[in-house]
Structures are given as C-alpha cells and as structure tokens.
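Structural overview
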Amino acid sequence: MHETTHETTHETMNKSARGTTRESVNGAVNLVVAHRPEAAPLLDWFDLTESRPRGRFRCYQGGDGIALTISGTGAHNAAAAVRHLHERQPEAHRAWLNVGIAGHRGEPLGTGLLINRIEHRRSGERHWPPVPRLGLPGSSLVSVDKPETEYPEDAAYDMEAAGFFAEASRLIASDLVYVFKIVSDNRASPLAELDLRRVPELIRLREREIRAIVEHLRQRCARFASCHTMPDEYPLLLGKCHFSATRKAMLAGLCRRGRALGMQQRLHTLAKQRFRDAGALLQAAEAALAAPAQAREAATGETGEGPR
Amino acid sequence: MFSAIYVEREVRDHPRTLAILDRYRELPLIECERYGEIFNRKAQNFRMQKDSQALILAHKHGRKVLPAPGGHGFGASPSHYFSHMLNCIYDCRYCFLQGMYRSAHCVLFVNFEDFADMIAQAISAGPPGQMFHSGYDCDSLALEPASGFARFFVPFFAQHPQAMLELRTKSTQIASLLQMKPVPNCIVAMSFTTEAAAQRWERDLPSVSKRIAALGRLQDAGWPIALRFEPLLPETEPQEYAELFERIFARLDAARVHSASTGVFRMPAGYFRKVLRLYPDEPLLARETRNENGIVSFRQRDEEAWLGELESSLFRHIDPASHYRCTN
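All values reported here derive from a predicted model rather than from experimental measurement.

With an omega dihedral of 0°, the bond running from A:Arg52 to A:Pro53 counts as a cis peptide bond. Along the polypeptide, A:Pro53 turns up in the loop between strand 2 (49-50) and strand 3 (58-61). With an omega of -10°, the peptide bond between B:Glu230 and B:Pro231 qualifies as cis. Mapped onto the elements, B:Pro231 comes out in strand 13 (residues 225-232). Phi at A:Asp47 is positive, roughly 55°, even though this residue is not glycine. Mapped onto the elements of the fold, A:Asp47 is located in the loop between helix 1 (36-45) and strand 2. For A:Asp47, a relative accessible area of 40% puts it in the partly exposed group. Unlike most non-glycine residues, B:Asp302 shows phi in positive territory, near 50°. With respect to the element layout, B:Asp302 can be found in the loop between strand 17 (295-298) and helix 14 (303-315). A relative accessible area of 59% means that B:Asp302 is categorised as exposed.

Following this line, the structure appears as structure tokens:
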C-alpha cells in the first residue's frame, strides 16, 4: 500500500457463516496486501476466514485454495509476510499475487495496472514480473521507503512490491508471482487528499480484473502442479523399504517416468510385492519400465495399462 | 505471437528496433539495461514462459562468430556459427534450447552490422569455402518478417561468394528470399521429422506439407536448398521416413539438393536433466536413454541397422556423396 498519514480505517465484516476451509494443493493462490482496507473486498470475494492461531501477520484462508495475508507497510514487512504465510501452509505449489493501491503521476484514479517491472529504489534491485496475455494495462513500478509525492518517473509507486516479489520468487518460479496495483493518487489528486475509507471502493472497482488474474494464476499453477506432484505409486513404494536420500530421488524419477510412459499400473503391481531392500525394489522398477509392453503383459498377466 | 517487448535502453532508438516496435505497437514495451537481467535471471520456468513468450531487443557485445561444434555441418572446410537471435518461437519438445536457456523469451540482437563486420573478418582470415551457420541457437527465418535477418545477411553473403551461409529453419517465411535473386552461396536448409513426430512433438510449427511446399518454391526460384533430418527420433519406423522422403522428392528435384543430413537425438546431459525437470510428464523424454561422454541419446534397438535402413531409403533419392551424418 502506498502509505498515507491517515489512520487505517477498519471495516467491519461478518465472517461468521463461512464453511469449513479445505487446503487445495492444485491451483492455489496466495494474496498479499499491505493493509486491511485493501484486504476487505478480497476477503469477501474469496470467502476467506482468519486462520488461528494469529501469528505476526494476520492470515486468512478460503475453501478454494486461496489464502491472504496482511503485511503492513514496507518491502521488509511484505517479504516477512510472504515467509510467514508460506511457513504456515502445507507443502504445495502456490502462485502469489500482491494486490494494493499505488500512486502514479498520470494514470486516472482507479486504474488497474499489472506490474511488469519493479525497481527497489533503495537497493536498486530490479524484478521482472511476467506479462501474461490478459489484456490488462501494464506499468513499471518503483518501490520506495517513504511515500512518493512527486512521481518523478512514468511509473507506479508503492512500498511493498519489491520485497514481496523478491521473497515470493524464492519459493516458486517467478512466472507464478504477479503484482497488481490500483491507482489511488496522482498529481491531480495527491496522496495527502486520499481518504482511506475510499480504498475498498478503489479495489472493488477492479473486481473483474482481480478475479481474472486469480483465475489465470489458479489455472497456471494447477497445470504446473499437476505434472510436478508425485504419482500415487511413490508413497506406496517408498513405504516398502528404507530408502537413502539418493535412492528416494531415484524412485521419484522412476515413478515420474512410469506416469509419463503410461505404465503406472506396472509400478502399482510392484507395490504389492515384497523386496529384500530398496536396491532390489529399484532394480525391479527399472526392469518393469524397460520391458516391452507385450512381454511384460505376458509375464504379469496385465491386460492393459495407462494413466489411472 | 509475443506477450511483450523488452528493449535495452542502448538500442531503444536503433532503426531496426524502431521498425520492430512499430510492427508490434500494441504490445507492452518495457525498458531494461541489459537483456541478461531478464533472460538469465534465476527462478524462471521455461515451460510456463512458452505460453507468454516475450521478445527482447538487445545489442550483442563480445564475440559474435564462434567455431561450430565438430561434427556439425558439411564438408571439410571450417564451420562457424553466429546467433543473431537466442531461442525460437516454435515449441519442439526435443529441442536442446529448452535445456540451454533459463528463459523461453526470444532475444533478437539488432546490431546486424557488427555481426557482418566479424563475419567479414573471419572470411578474410580463413580459407575459401568456410560455412557460416545461422540457425544454431534459433530458427533462421521464423521471425523474418519482423527481423529482416535474411534481407540483411543474404545480400552481405552475395558480396562474399567465397563463404557459404546456411539458413537453418522449419519456417515457411520465405517471402523476402523470393523477392531477391537467388544467391548461390546461401543455402536454405529445412529440418524435418516424420509427420507423426511433427504432430506429436512440434507445436506452433508449419506442417510438413507446408515446409515441403516452401522449399519447392525456393528451389523453383533457383535457391540452393538442403534437407536436415534431425533429430531422428526413436521408435520411428524406417518406413515412416521412407514415406517422408517420397513426399519430399515428389516435389523437389533431388539432383539439385545441396546436401542432406541425418542425426539422432542427442543433448548434453545437463540440458537433458533440465528439460526432464520441466517436462516430467512427457513420454518422449521418459524413454530409456544412454549417456556417452556427457551426451544423452535415446536407446534405439539395433541403432546402426535402423539408421542404415533409413539412410538407404534416402539414398534411393539422393547421391550418398551429398549426405552427412551429424554427430554433434
């Protein structure tokens, strides 16, 4: 959020009638906002409830794989909030989206900007968020430590995106880390005149765009996750013997190969057998995947196979 | 085609940049200092980027002409390669570029004149007959309407007849060539896999039929053409290649084909590991492989016999003297 001298206005929200949340490992998206007024519409749209126990940063979770955290002001806080949310969640592939307000010298208030370049003014570090084909206006952004009132560059100004992006892209490919800003102040309507009670309204103006970005990220993340999650045979085979770290990696590779080749059934059959040790199991798995389909079918009585 | 254009500040006002920006004026334009800060950064996913590939316009610094790897190319004369572009707009699952680069974005170096200077130096320093390959890190013609690569380099090589240029491509962007007089030392080398392999493992490419038709038009116009059957993919019946050869030579005059090459799939082991991580669900890459001296290839039963049979059917159409087997 582009910090102002006004006090934060808390919106009252009735979250009592929420259903049970269920972690979704595929197509999950984590949202990071700076302050509560920016969070309020998102909590509504995605039906998010606060996670307990409350930690350093407030976190919210929905039943559809969407989570949110409120970071407070500044790049350092934004990075810490990303870490905090990540550490609270079970291991999974998740996309990240920073939503918030920003200043811009020329763009009209309420304009939504998908950020394609982030410069951290203090460190000089630059980040390059992806540019998906969503038809949204793009902009570069400068993350500053103090509110920018002069808008010297043709860019959006915020205080969190640099910290957010740097940290989130340590956790997942940066192709799944987006930043979307809504213009809250400009030269004609400077920061000092920003009424924080208007912030939820500004965010709501861009509901269609934010939902489109979240849906795009969910699909992108789901595709990524679906080919990188471990096949079902892996835990079954892993449980049969003691595996060293190296042999675990070999087993993972064989299970992925089995899935790619449509030979999961062969590995599933192996999971019903007994093995002397992990070495013997790996050898059997390799042989199973190497055997030509017809010979293997004759030997095992399998009649057909394919992804289950 | 592209989702955005990144431009190095240094080439922002280069005439070639301005022409390209004019062509893609509806795309977001993002300035950068050096292409490497986008192209070489960590935590990128090549596979995901293929869905929203960007074009990066940059200035090539440093060495621009490099010796071609041994076993790459035809004849005994020295071979070089130069890359006016890094990466490709096509998406072939077997391509080594997926393992070589962190990014799927295409980098186009707009300072063609600097490449030409270095090529001229290499030509004057070496013996006659040197070959210059342009399609090693990219497709030579795929971006021709925007880049004007052939429009620039073909006339340049026309002035240096003692050297040869190979335009390696799978593209049918031949309009600029057809507008020029054929240049005897500029060869258009078209790559082919079988129809089934192309349908399965090549995305966003002109069909085999269209490639044959384009090559036919070039030959009709008097351009030297060559055929590249690389990579030969495993478990492809020689009969499938025989059918491909029949289709090709039904359209082309075999006697006027400059050369034809074959080469099995091969990829440096480090690149292959990266590609495998990107596509753990890809049946092609899940096949059994062998690693010889750091180069990964697919295991193919009776490989020599398979290759021999395949090449024999090629030699029913062309003189074996015009064939080479690419080993690198």
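Here chain A is described as being made up of domain 1 (28-228) and domain 2 (233-300). For domain 1 of chain A versus domain 2 of chain A, the separation of C-alpha centres amounts to 43 Å.

Think of interface size as the accessible area that goes away when the parts come together; that is how it is often given. Each partner contributes to the interface: chain B provides 33 residues, whereas chain A provides 25 residues. Regarding the contact of chain B and chain A, the summed buried area is about 2,300 Å², with carbon and sulfur atoms giving 52% of it. Summed over the three residues of chain B that lose the most area to chain A, namely B:Met48, B:Pro280 and B:Ala286, the buried surface amounts to 25% of that side. Between the two partners, chain B and chain A, sit 15 residue pairs in polar contact (both at pLDDT 80 or more). Of all the secondary-structure elements, those providing two or more residues to the side of chain B that touches chain A are strand 2 (29-32), helix 2 (36-39), helix 3 (46-49), helix 12 (269-278) and helix 13 (283-286) of chain B.

All right, on to the pattern of salt bridges then. Applying the stated rule across the entire model yields 45 salt bridges over all chains. The salt bridge involving A:Arg218 is made with A:Glu215; its shortest N-O contact spans 3.6 Å. One end of the pair is A:Arg218 and the other is A:Glu215, both in helix 5 (residues 207-228) and three residues apart, which spans about a single turn. Taking the relative accessible area as the measure of exposure, A:Glu215 reaches 37% and is therefore partly exposed. Where B:Arg34 meets B:Glu8, a salt bridge forms, and the shortest distance between an N and an O atom there is 3.7 Å. Note that B:Arg34 is positioned in the loop between strand 2 and helix 2 and B:Glu8 in strand 1 (residues 5-8), a separation of 26 residues in sequence.

Attention now goes to the side chain of A:Arg36. Residue and element names in this part refer to chain A. By the secondary structure assignment, Arg-36 is in helix 1. Comment: no salt bridge for buried Arg-36; closest opposite-charge side chain is Glu-50, at 5.6 Å. A polar contact of 2.9 Å, which involves the side chain of Arg-36, links it to the side chain of Tyr-60.

Let us look at the state of the cysteines. In this structure the tally under the stated criterion is zero disulfides over all chains. A:Cys221 takes part in no disulfide bond, and the closest cysteine sulfur to it belongs to A:Cys227, at a distance of 11 Å. Among the residues examined, A:Cys221 registers a relative accessible area of 0% and is labelled buried. Note on B:Cys92: no disulfide assigned, nearest cysteine sulfur contributed by B:Cys95 at a separation of 6.2 Å. Take B:Cys92: its relative accessible area is 8%, and that puts it in the buried class.

About the criteria used
Residues numbered from 1 in each chain as written. Chains lettered and ligands numbered in written order. Predicted model: local features only at pLDDT ≥ 70, side-chain atom pairs only at ≥ 80, totals over all residues. Heavy atoms only, no water. Helix = DSSP H or I, 4+ residues; strand = E, 2+ residues; numbered from the N terminus. Buried < 20%, exposed > 50% of the residue type's maximum accessible area, 1.4 Å probe, protein only. Domains from an automatic or database assignment. Contact = heavy atoms within 4.5 Å. Buried area = accessible area lost by both parts, 1.4 Å probe. Polar contact = N/O pair within 3.5 Å; in protein donor to acceptor, adjacent residues only side chain to side chain. Salt bridge = Lys/Arg side-chain N within 4 Å of Asp/Glu carboxyl O. Lys, Arg positive; Asp, Glu negative; His and termini not counted. Disulfide = S-S within 2.5 Å.

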